[in-house]
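Architecture at a glance
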Amino acid sequence: SEQTRPSRPTQARSSNAEYLNRKVDITSTNLAKDWAQLQDTAKTDPAFAYALILLLHKCKMVANDFGGIENLNSATVAANQNVSPSAEILKIKPSVCADLTPAQHMAYVDMIEFAAASGVVEAQASYSNLVAPTILTDESIKNPKRIEEYRAKSMRYYHSAAQSGY
């Protein structure tokens, strides 16, 4: 009798996975200035969305050197001669991050949800860590359902990433 073998992924599935998990280089010199175009692309391209998420995460770390995202503007960057210890480590110019609004900066939460749900494996694996700071707030503690949803999504994405061999 013939033994049943597991089916192999089709070429289309493989190409889709490669497309979703490709490396994207965002070359914007100022995210705030280019925001509309970047956000439009991120809404339709999960790999691009994840690359933008990583850039926004770097901006958050650079903003800490300036006392927060609200203080990371063109004037303070120029006054500090575009120098920041975090920026040097992360290999990003503070001017790339200057003038982002708090709402633009927080857009990464929706973007990582889109990237992870679309199958970007690194987004699935990092979802929990990147979203945690927005969940672990006084406001969220008052809303246990939000925390439960976050935990369920985190576990679902971890499992998906693990099943892909990440």
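Residues numbered from 1 in each chain as written. Predicted model: local features only at pLDDT ≥ 70, side-chain atom pairs only at ≥ 80, totals over all residues. Heavy atoms only, no water.

This part covers the packing of aromatic side chains. Under the counting rule described, the total for this entry stands at two aromatic pairs. Look at Y127 and Y157: their rings are 5.0 Å apart centre to centre, the planes differ by 70°, and that puts the pair in the edge-to-face class. You can see Y127 sitting in helix α9 (residues 121-135) and its partner Y157 sitting in helix α11 (residues 144-163), a full 30 residues away along the chain. The residues Y127 and Y157 share a single accessibility class, namely buried. Ring-pair connections join several aromatic residues into one group, and the members of that group are Y127, Y150 and Y157. (Phe/Tyr/Trp six-rings, centres within 6.5 Å; stacked < 30°, edge-to-face > 60°. Helix = DSSP H or I, 4+ residues; strand = E, 2+ residues; numbered from the N terminus. Buried < 20%, exposed > 50% of the residue type's maximum accessible area, 1.4 Å probe, protein only.)

The next thing to look at is the state of the cysteines. Here the structure, examined in full by the defined rule, presents one disulfide. Here C59 pairs with C97 through a disulfide, and the sulfurs are 2.1 Å apart. Measuring the twist about the S-S bond at about -80°, one finds the C59-C97 disulfide to be left-handed. Of this pair, C59 sits in helix α3 (residues 46-65) while C97 sits in helix α6 (residues 94-97), and the two are 38 residues apart along the sequence. Of the two residues examined, C59 and C97, each falls in the buried class. (Disulfide = S-S within 2.5 Å.)

With that settled, the discussion passes to the side chain of T134. If you trace the backbone, T134 turns up in helix α9. Not counting the four nearest positions on each side in its chain, T134 is found in contact with M106, Y108, V109, S140 and R146. (Contact = heavy atoms within 4.5 Å.)

This part covers unusual backbone geometry. Located in the positive-phi region is K91, a residue other than glycine, with phi close to 60°. Its place among the elements puts K91 in the loop between α5 (85-90) and α6. The class of K91 is exposed, set by a relative accessible area of 74%. The phi angle at D99 is positive, at roughly 75°, despite the residue not being glycine. As for its position among the elements, D99 is in the loop between α6 and α7 (102-106).

On to the nonpolar core, then. Core analysis: the biggest nonpolar cluster contains 44 residues, and L31, L52, I92 and M111 have the highest contact counts within it. With 11 residues, the single largest contributor to this core is α3. Apart from the residues within four sequence positions on either side, M111 is in contact with W35, A42, A49, L52, I53 and L56. (Core = buried A, V, L, I, M, F, W, Y, C linked by side-chain atoms within 4.5 Å.)

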